[in-house]
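This is what each chain is made of:
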Amino acid sequence: MQIHTENTWIVLLIAASFAFLGIIFFLIGLALYFSNKKISRTCTQKVSGTAVDVLYEAVSSDTSSFSDIRTYSYFPVYEYNFSGKTFRKKSFIGTAKPEVQKGDIVVIMVNPDNPDDFYCSAEKRKLFQNLFLSIGTGLLLLAAAAAAILFCISE
């Protein structure tokens, strides 16, 4: 296939960009899927817990610009008892708005072999996984469409 026009190069660049970003998003989604599957497989003991605090913390900072732009998320802190011991743990998942309020009673799934490993069933863990997988798939489809357009205009 011989490329004749500048527009064809632009379409090729767009297709390659969509494909690259699609692969990145899809791989992140797959990593989240396997991480969620592992934690669901290991955290099998259901206990009652309490949201004892909701922390509002900076999760990133853009120091490359003149202004210091920070992104903040809410991280619930849960307290739960397992095997006669009390655990107080901050969630790994931060959200733009609080998903639980201080004092809420929640279901905590704990790893019986390592009670420090846990997840709260109220958290939307699969939402992030599905979001990344969907965006990745969409970008890969756009890349395929751009490649099909490139193929059609080159003939």
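Rules used in this analysis
Residues numbered from 1 in each chain as written. Predicted model: local features only at pLDDT ≥ 70, side-chain atom pairs only at ≥ 80, totals over all residues. Heavy atoms only, no water. Helix = DSSP H or I, 4+ residues; strand = E, 2+ residues; numbered from the N terminus. Buried < 20%, exposed > 50% of the residue type's maximum accessible area, 1.4 Å probe, protein only. Contact = heavy atoms within 4.5 Å. Areas by Shrake-Rupley, 256 points an atom, 1.4 Å probe, with all protein chains shown as cover. Patch = residues over 30% accessible without salt bridge, like charges linked within 9 Å, V, L, I, M, F, W, Y side chains within 5 Å. Salt bridge = Lys/Arg side-chain N within 4 Å of Asp/Glu carboxyl O. Phe/Tyr/Trp six-rings, centres within 6.5 Å; stacked < 30°, edge-to-face > 60°. Core = buried A, V, L, I, M, F, W, Y, C linked by side-chain atoms within 4.5 Å. Pairing = 2+ DSSP bridges. Polar contact = N/O pair within 3.5 Å; in protein donor to acceptor, adjacent residues only side chain to side chain.

S.K.: In this structure, what is going on with the overall build of the protein? I would like to understand it.
M.R.: Helix and strand counts for the protein come out as two helices and five strands. Helices (α) and strands (β) of the protein occur, in sequence order from the N terminus, as α-β-β-β-β-β-α. Counting all 155 residues of the protein, 28% fall into the buried class. Of all intrachain contacts in the protein linking residues separated by at least 6 positions in sequence, the fraction that spans at least 24 positions is 64%. Total accessible area computed for the protein in this model is approximately 10,200 Å², and 61% of it derives from carbon and sulfur atoms.

S.K.: Can you help me understand a nonpolar patch on the surface in this one?
M.R.: Residues F20, L21, I24 and I28 make up a contiguous nonpolar surface patch of about 350 Å² in total accessible area. Structurally, the position occupied by I28 is in helix α1 (residues 6–42).

S.K.: Looking at this structure, how should I read the packing of aromatic side chains?
M.R.: Each aromatic ring pair is described using two quantities: the centre-to-centre distance and the angle formed by the ring planes. Scanning the model with the defined rule gives eight aromatic pairs in all. Among the aromatic residues, those joined into a cluster by ring pairs are Y78, Y80, F87, F92 and F118.

S.K.: Help me understand the nonpolar core in this model?
M.R.: Inside soluble globular proteins, nonpolar side chains tend to come together where they are buried. One finds V47, A51, Y78, Y80, F82, F87, V100, V106, I108, V110, F118 and C120 forming the largest nonpolar core, which totals twelve residues. Non-local contacts of V110, meaning those with residues more than four positions away in its chain, are made with T42, C43, T44, Q45, V47, Y80, F82, P115, D117 and F118.

S.K.: Please clarify how the pattern of salt bridges should be interpreted in this entry.
M.R.: Once their charged atoms are close, side chains differing in charge can pair, the charge on each being opposite to the other. In total, this model carries three salt bridges according to the counting rule given. Of the charged contacts, one joins K90 and E57 as a salt bridge, the two residues approaching to 2.8 Å between their closest N and O atoms. Placement of the pair is K90 in strand β3 (residues 85–90) and E57 in strand β1 (residues 45–62), with a sequence separation of 33 residues. A relative accessible area of 37% means that K90 is categorised as partly exposed. Residue K89 is joined to D116 by a salt bridge in which the shortest nitrogen-to-oxygen separation is 3.6 Å. Residue K89 is found in strand β3, and its partner D116 is found in strand β5 (residues 114–120); the two are separated by 27 residues along the sequence. Exposure remark for D116: the relative accessible area of 36% places this residue in the partly exposed category.

S.K.: Even after reading the chapter, I still don't get the environment of F75, so can you show me in this structure?
M.R.: Residue placement: F75 occurs in strand β2 (residues 69–82). When the C-alpha atoms of F75 and V100 are compared, they prove to be 9.3 Å apart, with 25 residues separating the residues in sequence. With sequence-adjacent residues up to four places away left out, F75 is seen in contact with D53, V54, L55, E57, V59, K90, S91, F92, I93 and G94.

S.K.: Just to check I follow, could you spell out the pairing of β2 for this structure?
M.R.: Across a regular strand the side chains alternate sides, sitting on one face of the sheet and then on the other. Pairing geometry for β2 and β3, over six bridges, is antiparallel. When the sheet's bridge partners are listed, N81 is paired in β3 with T86. Hairpin connection of β2 to β3: two residues between the antiparallel strands, including S83 at a positive phi of 55°.

S.K.: Mind showing me how you'd approach the environment of N111 here?
M.R.: Its location among the elements puts N111 in strand β4 (residues 105–111). Separated by 65 residues in the primary sequence, N111 and K46 place their C-alpha atoms 9.2 Å from one another. With residues up to four places along the chain from it excluded, the contact list for N111 reads T42, C43 and D117.

S.K.: Got a minute to help me understand the side chain of N111 in this structure?
M.R.: Judged by relative accessible area, which is 9%, N111 ranks as buried. Of note is the side chain of N111, whose polar atom sits 2.9 Å from the backbone nitrogen of D113.

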